[in-house]
Amino acid sequence: MTDTAQTTQGERWRPHAMVLALGTFAVGTDAFVIAGLLPDISRSLHVDIAAAGQLVSVFSIAYALLSPVLAALTGRWSRRRVLVTALGIFAVGNVVTALAPGYLLVLLSRVVAAAGAAMFTPNAGATAAAIAGGERRGRAIAIVTVGLTSSLALGAPLGTAIGNAFGWKATMWFVTALAVVIAPVIALRLPDIRLGAKVGLRQRLSPLTDRNVASVLIVTLLAFIGIYLPYTYISSVFSPVTGGGGRVALLLLVFGLAGTVGNLVAGRLADRHGPRHVVICATLGLAVVFAAMLPSRESFAAAIVVVALSGVGSWSVTAPQQHRVMALSQPGAETLGVSLNAAVMYLAISLSSVIGALGLNSFGSAVSLLPIAVVFVLAAALLTWLSGRPERQADEQENGVAADSTTGGLGASPAVK
C-alpha cells in the first residue's frame, strides 16, 4: 500500500506518534539528566567536575556529527528497523555507562548512546509525520517533540532524584529500561514505512547542497543560540531573586511545562497557517520576552511569567523547523534533512555556551546575554521572513502531489507495508 491516507484513516496516526514520543522521552531524559548527576559522577569516577561535564559535551558533539551520517547510511532501511535498532544501540550505550569501571570507557559509552539517540529522534519525527500525512504533519511532529519537553520537565528531575537516592548508575539503568520497554512496542505496532525507498543516494544527500534547506538550518542555528543563551545561564540571569537552587529548579520546571504547551499549540498552528509563520511569530515573541527579562530580574513572580513565556516561544520553534526542512527536502531525503536540523540544533546549544562564556568574561554580568539573545532571535525571524517564496512553492508542489495521490496519480507518499 503506497497511499498514506489509507493507513491513517480517522485518528489512527496518534497512537503511533505517542509511542514514538515515549522513545524521545527516554532519549531526552538521558541527554538532559547527566548535568544533574555531575557531582556524583565526579566522585564515583575520581575526576573533577569539569572532566565529568565532558560527558555532556561528548554526547552533544557525537549526536551532531553522527545524526546526518547515520541518516544517510540507513536511508534504505524501513523506519521501524531504524527506530528499533536506534533504541538497541542507545540501550547498549547506557548499559556500558552503568557497568564501566573507569572514566574513559564511560566517555566512549556516551558516544554509543548518542549514536542511538541521533538515529532515533530525527527518524521518530519524520516517521510520525509520514504516518499522519501532510495535513497533520505539524501536529504529529509536535506530539513526538512532547517527549523531549517532558524529558526536560519531568524525566531529568526524576532521573536526578533516582541518582541522588540510589547512585548515578541507577539512573542509567532507568533510561535503559525505558528503551527496552519501548523498542518491542515499536517493533510490533509501528507500520513498516520506507521513506522514498527507490530514491538514489544523490537525491538522498540533496539537503547537503540545497540552499533553501541551508537557509532553514541557519534559522535553526540562530534561533537556538538565542534560545539557549538565557536558558543555559538562567541561574545567573535571575540570581537576584532565585537565591537557593530550589527556585532555579522551579524556573526550569516552569520552562519545560510551558514548552510542552507551546510545542503542541505550535504543531496545530503550523498545520493551519504554515510553519514559516509560526517560526516568525515565535522568534519575534522571544525577542520581546528576552527584553522583558531585564526588568523581571527583581521579582520572582515576574521571573516565573517571563520564563513560562520563553518556554512557550522556544518550543514553538522546534516542530515547525522540522516541518519546514521536511517540506523543502526532496522525496526520500526528508530524514537526512531532519537529522541535519537536529545536528545544527545541538551545535547551536554548544555555541550558546561558548558565546555565553565570552559574554560573561567580556561584560561581567549575565544581563549582557539578554540583548545578545534578542539579536540572534531577531536575525532568525528576519531570515525566515526572507525565505517565503521557495517555501510557498514547496507547499504548492506538496499540495499538488497530495492531490495526485487522491486521484490515482503517482505521489510521493511513503511506502507502508
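Position numbers for residues count from 1 along each chain, tracking the sequence in the order it is written. Whole-chain, interface and lining totals are the exception, using all residues; otherwise, since this is a predicted model, local features are given only for residues with pLDDT of at least 70 and side-chain atom pairs are given and counted only at 80 or more. No hydrogens and no water enter the side-chain calculation; it runs on all heavy atoms of the structure.

(A) The packing of helix 2 (residues 13–33) against helix 8 (residues 168–189), seen in detail. The angle between two axes is taken between their N-to-C directions and runs from 0 to 180 degrees, where each axis is a line fitted to C-alpha atoms and a helix contributes only its stretch in contact. Numbering of helices and strands runs from the N terminus; a helix is a DSSP stretch of H or I covering at least four residues, while a strand is a stretch of E covering at least two. At a minimum axis separation of 10 Å, helix 2 and helix 8 run at an interaxial angle of 160°. As far as their axial angle goes, helix 8 and helix 2 are roughly antiparallel. By crossing handedness, the relation of helix 2 to helix 8 is classed as left-handed. Note on element contacts: helix 8 touches helix 2 through Thr171, Met172, Phe174, Val175, Leu178, Ala179, Ile182, Val185, Ile186 and Arg189, opposite His16, Val19, Leu20, Leu22, Gly23, Phe25, Ala26, Thr29, Asp30 and Val33. Amino acid classes used here: Ala, Val, Leu, Ile, Met, Phe, Trp, Tyr, Cys and Pro are nonpolar; Asp, Glu, Lys and Arg are charged; the rest, including Gly, are polar. Split by residue class, the contact of helix 2 with helix 8 holds 14 nonpolar, four polar and two charged. In this scheme, roughly parallel covers angles under 35 degrees and roughly antiparallel covers those over 145, while 65 to 115 is roughly perpendicular and the rest are oblique. In this scheme, a crossing is called left-handed if the near helix is turned counterclockwise away from the far one by less than a right angle; it is called right-handed if the turn is clockwise. Should any heavy atoms of two residues lie within 4.5 Å, those residues are considered in contact.

(B) Looking closely at the pattern of salt bridges. Definition used for salt bridges: Asp or Glu carboxyl oxygen within 4 Å of a side-chain nitrogen of Lys or Arg. Inspection of the entire model under this criterion finds two salt bridges. In this structure, the salt-bridge partner of Asp30 is Arg110, at a minimum N-O distance of 3.1 Å. Of this pair, Asp30 sits in helix 2 while Arg110 sits in helix 6 (residues 103–132), placing them 80 residues apart in sequence. The burial state of Asp30 is the same as that of Arg110; both residues are buried. Salt-bridge contacts for Asp271 lead to Arg139; the nearest nitrogen and oxygen are separated by 2.9 Å. Linking Asp271 in helix 13 (residues 245–273) with Arg139 in helix 7 (residues 137–166), this pair joins segments that are 132 residues apart in sequence. Burial status follows relative accessibility: with a 1.4 Å probe on protein chains alone, a residue under 20% of its type maximum counts as buried, one over 50% as exposed, and anything between as partly exposed. Residue Asp271 is classed as partly exposed on the basis of its relative accessible area of 21%.

(C) Highlighting the confidence of the model for the chain. A residue's pLDDT is simply how confident the predictor is in it, with values from 0 to 100. In the predicted model, the chain carries a mean pLDDT of 83, and the fraction of residues at 70 or more is 86%. Below a pLDDT of 50 lies the segment residues 1–10, which in the model reaches 21 contacts outside its immediate sequence neighbourhood of four places, other chains included. Contacts for the low-pLDDT stretch residues 400–417, under 50 throughout, to residues beyond four places or in other chains number 28 contacts.

(D) Structural view of helix 15 (residues 300–328). The length a helix should cover is 1.5 Å for every residue beyond the first. Between the first and last C-alpha of helix 15 there are 43 Å, a value that for 29 residues agrees with the 42 Å anticipated at 1.5 Å per step. Burial of helix 15 is extensive: 22 of the 29 residues sit out of reach of the surface.

(E) Geometry of the packing of aromatic side chains. Two rings from Phe, Tyr or Trp (for Trp, the six-membered ring) form a pair when their centres sit within 6.5 Å of each other. Planes less than 30 degrees apart are called stacked, planes more than 60 degrees apart edge-to-face, and all others tilted. All chains considered together, the criterion is met by four aromatic pairs. With centroids separated by 4.0 Å and ring planes inclined at 20°, the aromatic side chains of Tyr63 and Tyr346 adopt a geometry described as stacked. With Tyr63 in helix 4 (residues 49–73) and Tyr346 in helix 16 (residues 334–363), the pair connects residues that are 283 residues apart, well separated along the chain. Among the residues examined, Tyr63 registers a relative accessible area of 2% and is labelled buried.

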